[in-house]
Each structure stands twice: as C-alpha cells, then as structure tokens.
Amino acid sequence: MGGLTAAMFLFLIASGLSLIFGVLRVLNFAHGSFYMIGAYLAWQVVRWTSPSGAAFWLATVGAVVGVALLGGIIERLLFRHLYGREELYQLLFTYALVLILGDAAKFTWGTDQLSVSRPVILNGGFTLFGTILPYYNLFIIIVGPLIALGVWLMLTRTGLGRMVRAAALDREMLDALGANVGWLYTGMFMLSAGLAGLAGALVTPIQSIVPGMDVEIIVQAFIVVVIGGLGSFWGTFWGSMLYGQVLSFGILIFPGFSLFSVFALMAVILIVRPWGLFGKPIR
Amino acid sequence: MTGRFSPRSRRIPWTLIVFALALFVPWLGSRYDTFLATQILIYALFALSLNLLLGVTGLTSFGHVAYFGIGAYVCGIFMKTLGVPFFLAFPAAGIGSGLFALVFGYFCVRLTKIYFAMLTLAFSQIVWAICFKWNDVTGGDQGLPDVPFPDLDWMSGLPGFGHFRIGEKFYFLTLILVMLCVAVLHRLERSPFGRVLTTIRENPERAAFVGVNVRAYELAAFTAAGVFAGFSGALFGIFNRGVFADYVFWSKSADVMIMTILGGMNHFWGPAIGAAVLTILNQQITSYTEYWPFVLGTILVILLFVFPGGIMGALDAGWTRLTHRRDA
C-alpha cells in the first residue's frame, strides 16, 4: 500500500509533465522545481495559519495557486519567446529554471529539513490485512485518480479541452481560426505547474521538505511519462503503476540494481516504442 | 552560419599564440593557475567533443557525460586496480567510451529531436546507475579514490623543469594530449566527413535524398564524440585524484552543454572559450557566494534570450559591425 501511495504521488507530478509535453512538445525539467516550491509554500502557509484546523487545506490551496501563478509569470515573461526555437534552447531554459528556483528556495527557506503535520481530520488509520494504513494515505490513493479523471474529462469532454488538443496538433491553424493560443498555452502551463504544486503540498505530511527533492523527483517523473507515453494521460497513470512495480521487482531480481532496471526499461521503451506504451506516434 | 572573423584577423595564428601562452603557464602563473588551466583544458576538450554533435551535426545529446564518465572509470580502473601504465590506460579509455558510444548511438540515431535527447539521457542514467551500484568494479557510491598520477619523472630531466611538482608535469601532459585531440577534432570538422555532418544538421531529408546514409554518419559522429569525451574523462579522473559516480549524473550533461553554448556552438573554438570562461567564473564566484547555481542559471537565461550565438557569436557580430562601419 505504501507503494500505491508513492505511485499516486508520482502520477500527480508526472501528469502535469505529460500535459505540458502533450501541448508544448517540451520536456520541462523545472517541473520538479515547481513540486518543490509547492512543498515549501505549503509549509509557509501552515506556519502562518498554524493553530487553525484548516491550516493544511489553506496551505494546499496556497501552494496550488502560488505555483500556478509562478508558472504563469515564467511562461508569459520568458518561456513564450522560446516557442519555435530549437529543442536545445527550450530544454536548457527549463534547466536554468531548475538552477535558479533551487537556489531561490535555499535562499528563502534554508537547507534544514522542514515538515508539516497531517491534517487533524485524517489523523489515525485503520487495519487492513494486518498492516496499519493511515487515513492520509487512503486519501491520497483516492484523490490521485480523481484529479486525473478530472483533467482527463476536461481534455476530452469540454470545448477548452478540444482547443488544447487542437493546439497540440496545429498551433498556427488554431491561431488563424481566432482562438487565443497565447493565453491557452499560458493556461496549460499554469495548470501543469499547479498540479506540481498540489503534489508538493500533499506530500509534505509524508516526506520532509529538503533541497534536492526537485532533481530527485524529476528523473522519476521522466521515466514514468516516457514509459506511459508522453502526452498520454492514462499512459502516465499506468506508467506510474509500472514504475513502482519494476522498482520493487527489480529489488527482488537483482538487489542493488533496481535503479538500473527502471532506466533500462525506459531505454528499451524509447528504442521499441518511442511514443510510450499508451501514446500515439507523432510526426 | 559558421562564424568567421574577417580575413585580416584570420591571418593571425590565434591557435599558435594561445598554445604558446598556455605552454608558459607553469612558469608565469602560480601553482593554482596551473591547476585551473589543467581543468580548463580538460573541460575544453569535453565541450569540443560535445560540439561535434551539438553544433556540427545538430544532435541534441543530453547524455554526453556518460562517455566522459566511462573514460574516467576505464582509465581509473586500469591504472588503480590493474596497475596498467598511463600510456596504455589512456587509449583504453578512449576505446572503451567509443565502444559504448557505438552501441548506445546505434539505438539513439534512430530517433530524432526530443526523443533522441531523452534516449541519450536514459543511457547516461543507466551508466550512472551501474557506476553508482557496482561496488566491486566501480567502487559504488564511494567511487575510486586515489587514482595514481602517470609516471612523469622523466620530465625533471628537461631544462627548466627541475623544480616542478607532479601537478605542473601533469599539466604539460594534459596540454599536449588535449592539443593533439583538438587538432584531430579540427581536422575532422573541416574534412569532407565534417561537411557531410553539417549538411545533415542543415537538412537531413535533403542529405538523405542526395545519397548520404544519415544514420551511419550520425553514428560515426556520435562514436567520435564519445571517444574524445572518454579522453577528457580519463584526464579528469587523474586530475581530480579519483573517479566518482556523480561525474556521470545527468546534470553534468547540462553543464557541459552550457559551456558549449556560452562559447558559441557555431564556431570551432567556441566551446573551448565557454569552458574557460565558465571555469574561471565558477572559481571567482564560489569564493564570494554559495549560490553558484543561481548565477549559472541567470547566465544561461541571459545567454538564451540575448546572445543565442554565445561569446563567439557576439564577437563575430560586433566585429562585422565594426568593419562595416569602417568601409562605409
């Protein structure tokens, strides 16, 4: 069950990464940084509103909004000007964000481990098959798929979703048809950053917040989206599940080489099906 | 596209002047200057090898650090664990990383653009995971400390070398080996082979249409770049007195890319200049503040938005403006 909770977190983070790749065709290295900033923001809000019972929920909202705004500002002021440039410049720009945001977080919140306590309502747990499952983990296992479902419904069932998919296929044509593609991209960037911020806030009761959590998570999220298929939402879901399984079976088969086995899986998938298990080939 | 100064400035043999100056660093500068110069030389070779892919062939390799690391490990294992002398371990490092680049590259060149970048990244992380965990051979997370220096006692017999310690002697060895490698790289880029690579960068479809086997050429470039990255890694392992798994971590690939772009990837010497500037800046800035990544990120953003051609690109544009004004 602990594995399932971890898979759900990974899924929340990877879904934002996959979303932005599906629309902008760019790998956002800074996605992990958004996640980290989300965690720090949540801690900050909890500190300000501490005695209140709703502190954690306020913090979650604060983290989502704060990180989404940060993402929006970065997209509007800087990233927008790199569309149409070579991938190399886009990749390096997101890497520059990793460096800048990582140090900005260190500068603001220091290098000590920070932690947030669980919301009072979700304290305690129940016994399942002889192990204690905290209510908080159960909450994450339920919330993860719900959010995925929400975003997936938005992308497939609404007019806005149609526009997003159209933008991914042919930006210029959509622009010519009168849609405001510029703001659409900004909106998607904010949504993606907001998902990262949400994951960052939700992870704080389980993991302590430390510098370096950005780089650690981004590599895992990359593996997940590559396995599932970049730009494919359900691919990302199954990719996160598979990632957890391969990691735990890798430990059983070659102890100490589980890291190797997930990277090897990623490489094999890129070689055989570069668009991932659930994705569609794009030209 | 290829940046070139005006014919008058080209008549000055810049390469010879820089080489001659570099030769005198141990006499003119302090021991620390020599140390820094050694580091610059090694990174310059690494960045130049990457530029064979990035600037010349137009391949965004995000895993070039794998071949640097393999070179470092091969040389380190040969010299420390097996006691093989440097003159055998050094070529072995190049061959080892070249072989890995050949195998990995075979799969990578089948993909294009972002998928190429991701597969190179995946392979470099595989190499990292192996280096990090295979305790018996690579020392795992402890790495391979105390890689010995090559035996350079013979240099003491040369006039003026008597008072030099191993650091200065290793600098001369590095200087000569790097210069040889760079000469080969330069020759390679200016050869018909290099011209074909540039054609592939400009228009792969058209290159294929006129009968160029694009994949084979890309694979050849990938392997050659791997060999030279391996050489630079071998030197770096000795220079740094040990080989550790974080040499192979993915963020190092980004660092060497920044060097290449900072110098300017459309110019042969650009990456070397980028390596020098970044190494010196790093030394200067880390003595004032611990927030070097912040500075590096800011430099990178300015570079991407204001000077996409890097230092050489900016100099080139400045020079053109200057000479044009004089003509008018």
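Every residue gets a number counted from 1 within its own chain, in the order that chain's sequence is written. Written order decides the labels, with chains lettered from A and ligands numbered from 1. For this predicted model, a pLDDT threshold of at least 70 governs which residues receive local features, and a threshold of 80 or more governs which side-chain atom pairs are given and counted, while totals over whole chains, interfaces and linings are taken from all residues.

1. A short note on the overall build of chain A
Secondary structure summary: chain A contains 11 helices and 2 strands in total. Strands are runs of DSSP state E lasting at least two residues, helices are runs of H or I lasting at least four, and both sets are numbered from the N terminus onward. In chain A, the succession of helices and strands from N to C terminus is α-α-α-α-β-β-α-α-α-α-α-α-α. At 19 Å, chain A has a C-alpha radius of gyration in line with the 19 Å of a compact globule built from 283 residues. Expressed along its principal axes, the backbone C-alpha trace of chain A runs to roughly 55 × 45 × 35 Å. Counts of 20 or more other C-beta atoms within 10 Å of a residue's own C-beta define buried residues, counts of 12 or fewer define exposed ones, and intermediate counts define partly exposed ones; C-beta atoms are placed from the backbone. Within the span of chain A, comprising 283 residues, buried residues form 48% of the whole. In this description, any two residues whose backbone-derived C-beta atoms lie within 7 Å of each other are considered to be in contact. Long-range contacts, defined here as pairs at least 24 residues apart, represent 74% of the contacts in chain A between residues at least 6 apart. Radius of gyration: over C-alpha atoms. The globule rule applied is 2.2 Å multiplied by the number of residues raised to the 0.38 power.

2. Observations concerning the overall build of chain B
Each helix and strand in chain B was counted, giving 16 helices and 2 strands. The C-alpha radius of gyration computed for chain B amounts to 20 Å, which stays within 12% of the reference 20 Å derived for 328 residues, consistent with globular compactness. Dimensions of chain B, computed from C-alpha atoms along their principal axes, come out at roughly 60 × 45 × 40 Å. Evaluated residue by residue, chain B yields a buried proportion of 48% over its 328 residues. The contacts of chain B with a sequence gap of at least 6 include a subset with a gap of at least 24, amounting to 77%.

3. Some words on helix α5 (residues 65-81) of chain B
Residue and element names in this part refer to chain B. The terminal C-alpha atoms of α5, which comprises 17 residues, lie 23 Å apart, in line with the 24 Å expected from a rise of 1.5 Å per residue. Burial of α5 is extensive: 16 of the 17 residues sit out of reach of the surface. Directly beyond the C-terminal end of α5, a positive phi value near 70 degrees is found at glycine 83. Residue count minus one, scaled by 1.5 Å, sets the expected span of a helix.

4. Structural notes on the interface of chain B and chain A
Listed by partner, the interface residues are 33 residues for chain B and 31 residues for chain A. Elements supplying a minimum of two residues to the side of chain B that touches chain A: α7 (113-133), α13 (250-263) and α15 (292-305) of chain B. For this classification, Asp, Glu, Lys and Arg are treated as charged, while Ala, Val, Leu, Ile, Met, Phe, Trp, Tyr, Cys and Pro are nonpolar and the rest, including Gly, are polar. In terms of residue class, the side of chain B that touches chain A is built from 26 nonpolar, 5 polar and 2 charged.

5. Observations regarding the nonpolar core
Among buried residues, those of type Ala, Val, Leu, Ile, Met, Phe, Trp, Tyr and Cys that are joined through C-beta atoms within 7 Å form a set called a nonpolar core. Grouped together as the largest cluster of nonpolar side chains are 200 residues, with contacts concentrated most on Ile13 and Leu92 of chain A together with Ala44 and Leu45 of chain B. Discounting residues that sit within four places of it in the chain, leucine 45 of chain B has contacts with Val178, Cys181, Val182, Phe228, Phe231 and Ser232 of chain B.

6. Focus on the packing of helix α2 (residues 31-48) of chain A against helix α3 (residues 55-77) of chain A
Residue and element names in this part refer to chain A. To define axes, lines are fitted to C-alpha atoms, for helices over the stretch in contact only, and angles between the resulting N-to-C directions are given on a 0 to 180 degree scale. Two numbers describe how α2 lies on α3: the axes approach to 8 Å, and their chain directions differ by 140 degrees. Between α2 and α3, the crossing angle belongs to the class labelled oblique. For the element pair α2 and α3, the recorded crossing hand is right-handed. Contact residues: α2 offers Phe34, Ile37, Gly38, Leu41, Ala42, Val45 and Val46, while α3 offers Ala55, Phe56, Leu58, Ala59, Thr60, Gly62, Ala63, Gly66, Val67, Leu70 and Gly71. Grouping the amino acids of the contact of α2 with α3 by side-chain chemistry returns 13 nonpolar, 5 polar and no charged. Note on terminology: angles under 35 degrees are roughly parallel, angles over 145 are roughly antiparallel, angles of 65 to 115 are roughly perpendicular, and the others are oblique. In this scheme the crossing of two helices becomes right-handed for a clockwise turn of the near helix relative to the far one and left-handed for an anticlockwise turn of less than a right angle.

7. What about unusual backbone geometry?
In this model, arginine 241 of chain B sits at a positive phi of 60 degrees, which is unusual for a non-glycine residue. Within the element layout of this structure, arginine 241 of chain B appears in the loop between α12 (214-239) and β2 (242-243).

8. Comments concerning the pairing of strand β2 (residues 131-134) of chain A
Residues and elements named next belong to chain A. DSSP-based pairing: two strands are paired if at least 2 bridges between them are found. The pairing of strand β1 (residues 125-128) with β2 spans 4 bridges and is classified as antiparallel. In the strand pairing of β2, glycine 125 is matched with proline 134. Hairpin connection between β1 and β2: a loop of 2 residues separates the two successive antiparallel strands, and phenylalanine 129 in this loop has a positive phi of roughly 50 degrees.

9. Topic: the environment of tyrosine 95 of chain A
Of note, tyrosine 95 of chain A is situated in helix α4 (residues 87-109). For tyrosine 95 of chain A, a count of 25 C-beta atoms within 10 Å corresponds to the buried category. Here the alpha-carbon distance between tyrosine 95 of chain A and glutamine 245 of chain A, two residues 150 residues apart in the chain, equals 29 Å. Apart from residues no more than four positions distant in its own chain, tyrosine 95 of chain A is found in contact with Phe29 of chain A together with Ala254 of chain B.

10. What about α12 of chain B?
All names here are of chain B. With 26 residues, α12 ought to run about 38 Å at 1.5 Å a step, and its terminal C-alpha atoms sit 37 Å apart, in line with that. Burial of α12 is extensive: 20 of the 26 residues sit out of reach of the surface. After α12 finishes, the residue arginine 241 shows a positive phi value of roughly 60 degrees.

11. A look at the confidence of the model for chain B
Residues and elements named next belong to chain B. The score called pLDDT rates the predictor's confidence residue by residue, from a low of 0 to a high of 100. Here chain B shows a mean pLDDT of 85. Residues at 70 or above account for 95%. For chain B, per-element mean pLDDT is lowest for helix α1 (residues 7-10), which scores 56, and highest for α12, which scores 92. Model confidence for the complex: the whole-complex pTM is 0.86, and ipTM, which rates the interface, is 0.82.

12. Thoughts on the confidence of the model for chain A
Looking at chain A, pLDDT values average 82 and 95% of them are 70 or higher. When pLDDT is averaged over each helix and strand of chain A, the minimum, 74, is found for β1 of chain A and the maximum, 91, for α2 of chain A.

13. So, the environment of proline 91 of chain B
Residue and element names in this part refer to chain B. Structurally, the position occupied by proline 91 is in helix α6 (residues 86-108). Classification of proline 91 by C-beta neighbours within 10 Å gives partly exposed; the count is 16. Taking the C-alpha atoms as reference points, proline 91 and glycine 71, 20 residues apart in sequence, are found 9.3 Å from one another.

14. Points about the packing of helix α11 (residues 258-272) of chain A against α7 of chain B
In contact at an axis separation of 9 Å, α11 of chain A and α7 of chain B are set at 160 degrees when each is read in the N-to-C sense. On the basis of their axis angle, the class for α11 of chain A and α7 of chain B is roughly antiparallel. Judged by the sense of rotation from one axis to the other, the crossing of α11 of chain A with α7 of chain B is left-handed. Within the contact between the two elements, α11 of chain A uses Leu259, Phe260, Phe263, Ala264, Met266, Ala267 and Leu270 of chain A and α7 of chain B uses Tyr115, Met118, Leu119, Ala122, Phe123, Gln125, Ile126, Ala129, Ile130 and Lys133 of chain B.

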